Amino acid sequence: MRDTWPYRPELDLVVVSPAGDVVAYCQGWYDETNGIGEFEPVGTHPDHRRLGLARAVCTAVLHAFARAGGHRAVVYSRGDAAHPVPKRLYESMDFSVYSRTYTYVGP
């Protein structure tokens, strides 16, 4: 992935525990032509969930987008009933549903 445009290492952020373990991460992708950033992937180790770490690292990436000149960010998460946690995270950061993708499976 590091060889893929528009990868920028300064947008690949992690949260490290006092023991030195990576416990949360957010990789940001920034399109400077359009001033839009995207989160993908985002995660938190199960032993460290519900502490606000994913929100903190995503917020840090949003600030990095803004410093780079960004004015908008998008997230492509499922957010459906089978995956409610990402929806809660992004809504807690004031993201809102813009569109949904539905996959058609033919006969």
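Residues numbered from 1 in each chain as written. Predicted model: local features only at pLDDT ≥ 70, side-chain atom pairs only at ≥ 80, totals over all residues. Heavy atoms only, no water.

> Please clarify how the nonpolar core should be interpreted in this entry.
Membership of the largest hydrophobic core comes to 19 residues, with the highest contact counts inside it found for Phe-39, Cys-58 and Phe-65. At the level of secondary structure, the elements contributing two or more residues to this core comprise strand 2 (22–31), helix 1 (53–67) and helix 2 (84–92). Ranked by residues supplied to this core, first place goes to helix 1 with seven residues. Contacts of Phe-65, omitting those with residues within four sequence positions, involve Leu-11, Gly-28, Trp-29, Tyr-30, Gly-37, Glu-38, Phe-39, Gly-70 and Ala-73. (Core = buried A, V, L, I, M, F, W, Y, C linked by side-chain atoms within 4.5 Å. Buried < 20%, exposed > 50% of the residue type's maximum accessible area, 1.4 Å probe, protein only. Helix = DSSP H or I, 4+ residues; strand = E, 2+ residues; numbered from the N terminus. Contact = heavy atoms within 4.5 Å.)

> Looking at this structure, I do not really get the sheet that holds strand 2. What am I missing?
Across the sheet, which stays open at both edges, the four strands sit in the order 1-2-3-4 with mixed pairing between neighbours. At either end of the open sheet lies a strand with only one pairing partner, and these are strand 1 (12–16) and strand 4 (72–75). For this sheet the average axis-to-axis angle between neighbouring strands, irrespective of direction, equals 25 degrees. Where strand 1 meets strand 2, five bridges bridge the pair, whose relative direction is antiparallel. (Pairing = 2+ DSSP bridges. Axes fitted to C-alpha atoms, helices over the stretch in contact; angles between N-to-C directions.)

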